[in-house]
Amino acid sequence: MKYFLKILLVLVLAALTVLGMYYYTTGNRPAFLGGDSQYQLTTVSKPPVTEKYAALSTLGREGDYILYKSGDLIILEYQGKRYEFSGWSQDIDLEPPQMVLANIDDDAEDELIIKGVANYDEMSNSYIYTVYVVNRAPESENGFEVAVLNEAAWRSLVEKNILAALGQLNNCKKIVQLAMVANSKGNVLRLDEATGIAIDAHTGYFRALQDENGQYLTVAMWDRGRGIYSVADDGTISVDIDVDVSYDGTTEIQQAGTLSFDIALVSNTEYTIAAKSIQFTPNSAYLVAEPQMTAAAAWSYTENLTSAAPVAEMKWIKHNMKLDEQTLTQTVDVTDELGDLGGVSVITLTESGVVLKAKAGCRFSEQVANSAQYSVVINENTEGTPYDIAYTCELNESGDTLTITFDRTYAKDEIETIEINFGTK
């Protein structure tokens, strides 16, 4: 059985509640991370017009609707009549807008959903989008109201609905936790004093950045980055928001993962986060195993290596092992394996780490041991999720014993395969 985290955070949210977003670092109380709460923007069409437009360009068609742009105006033609809208993005024609007809508010008729370019983000080399949800105006059979979902909209939804904290675990700086609860009256985020793991909260995890010596950096703060809207064929509107993390001692910003949710239209002019839709997905480069799981009992597995070519100083090792419940020790011929494995005599794997012992006259490179160039990857090329479970790398004074400690203890049946890397990730 696999015990690793399949990160899918499901959060039942009350509509239009109040939000605060928090961050914390190891050993400190959570501190407020604010954002400007903004209301949704709504535009209303002008009455039908019949005049001619200069430089009228067609943006798209869907059903009985045709979308045009003329100068600063957006013109929507419906059943032969044209309606003007102002205040829409002037970059909407940088690529053809997506237009979808769907009933997304459970009324009697479909809404016209338009996703168009809002601007170009030079940092990510990508477009940012705004979504316009076009509804018939209740006061007029001939007019339309438009709910505008832009950056201000998703930021306001996050601020109103989610109470979140981000920080490193007390017993393992490698693992960063994002914990979330619905921001309703009386809800608080509680952390285990010993581990820092959140109690009764929805959690997601990712790996912290390291310095050039392999030491894990300390989280300084976090924020929400880009928010990218998408519209499915059935009209479902979603937004993917970058979770950006900064660390002490570096200017690098880590794009740790994505906070995503669907948007539900409450009325022509109100919307909220759809129930049970929030999820956090870590960036694939920063996957870690779920830290709540630990080994219930001690175990070990030993390989005695045979090779005709000892290596005096070992700088590059890559060795694969396959575990089963019955085998406790075996002898393995590594003569044909690449790298410096010929200098290793014994590898012992336990629930908490792996120990490599060198042959007489051989030693491990101190320079490599003091760098970030090591890993222990489990379950690669299996049905399980592969993770690098290495936490620290230590070399004894004589240089003949290398110990890689894991980020937590692992039951033997959690591991099918294991790849030990030294001098490479």
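So, here's what we can say about the structure. (Residues numbered from 1 in each chain as written. Predicted model: local features only at pLDDT ≥ 70, side-chain atom pairs only at ≥ 80, totals over all residues. Heavy atoms only, no water.)

1. Brief notes about the overall build of the protein chain
Turning to step 1, where the next piece is worked out: Of the regular secondary structure elements, the protein chain holds two helices and 33 strands.
Turning to step 2, where the next piece is worked out: Taking all 425 residues of the protein chain together, the buried fraction comes to 51%.
Turning to step 3, where the next piece is worked out: A separation threshold of at least 6 residues defines the contact pool for the protein chain, and within that pool the share at least 24 residues apart is 62%.
Turning to step 4, where the next piece is worked out: As presented, the protein chain carries roughly 19900 Å² of accessible surface, and 48% of it is formed by carbon and sulfur atoms. (Helix = DSSP H or I, 4+ residues; strand = E, 2+ residues; numbered from the N terminus. Buried < 20%, exposed > 50% of the residue type's maximum accessible area, 1.4 Å probe, protein only. Contact = heavy atoms within 4.5 Å. Areas by Shrake-Rupley, 256 points an atom, 1.4 Å probe, with all protein chains shown as cover.)

2. Description of the pattern of salt bridges
Turning to step 1, where the next piece is worked out: In total, this model carries 11 salt bridges according to the counting rule given.
Turning to step 2, where the next piece is worked out: Measuring nitrogen to oxygen at the nearest pair gives 2.9 Å for the salt bridge that ties E151 to R155. Of this pair, E151 and R155 both sit in helix α1 (residues 151–161), four residues apart, which is roughly one turn of that helix.
Turning to step 3, where the next piece is worked out: In this structure, E414 engages R408 in a salt bridge whose closest nitrogen and oxygen atoms are separated by 3.0 Å.
Turning to step 4, where the next piece is worked out: Overlapping salt bridges, with partners in common, bring together E159, D223 and R224 in one network. (Salt bridge = Lys/Arg side-chain N within 4 Å of Asp/Glu carboxyl O.)

3. Things to note about the packing of aromatic side chains
Turning to step 1, where the next piece is worked out: Applying the stated criterion across every chain yields a total of 12 aromatic pairs.
Turning to step 2, where the next piece is worked out: Residues Y78 and F144 carry aromatic rings whose centres are separated by 5.7 Å and whose planes lie at 90° to one another, so their mutual orientation is edge-to-face. Pair noted here: Y78 is in strand β6 (residues 73–78) and F144 is in strand β11 (residues 144–149), with a separation of 66 residues, a long-range link.
Turning to step 3, where the next piece is worked out: Judged by relative accessible area, which is 12%, Y78 ranks as buried.
Turning to step 4, where the next piece is worked out: With a centroid separation of 6.5 Å and 70° between ring planes, the pair formed by Y127 and Y129 is classed as edge-to-face.
Turning to step 5, where the next piece is worked out: With a relative accessible area of 26%, Y127 lands in the partly exposed category.
Turning to step 6, where the next piece is worked out: By relative accessible area, which is 14% here, Y129 ends up buried.
Turning to step 7, where the next piece is worked out: Chaining the aromatic ring pairs together yields one cluster made of Y65, Y78, Y83 and F144.
Turning to step 8, where the next piece is worked out: Against the face of Y129 rests K115, its NZ or CZ located 4.4 Å from the ring centre. (Phe/Tyr/Trp six-rings, centres within 6.5 Å; stacked < 30°, edge-to-face > 60°. Lys NZ or Arg CZ within 6 Å of the ring centre and 35° of its normal.)

4. Examining α1
Turning to step 1, where the next piece is worked out: Counting buried positions over the 11 residues of α1 gives nine, a clear majority of the element.
Turning to step 2, where the next piece is worked out: Among all positions of α1, only A152, A153, W154, R155, S156, L157, V158, E159 and N161 are buried.
Turning to step 3, where the next piece is worked out: Capping of α1 at its N-terminal end is provided by N150; its side-chain oxygen lies 3.2 Å from the backbone amide nitrogen of A152. (Polar contact = N/O pair within 3.5 Å; in protein donor to acceptor, adjacent residues only side chain to side chain.)

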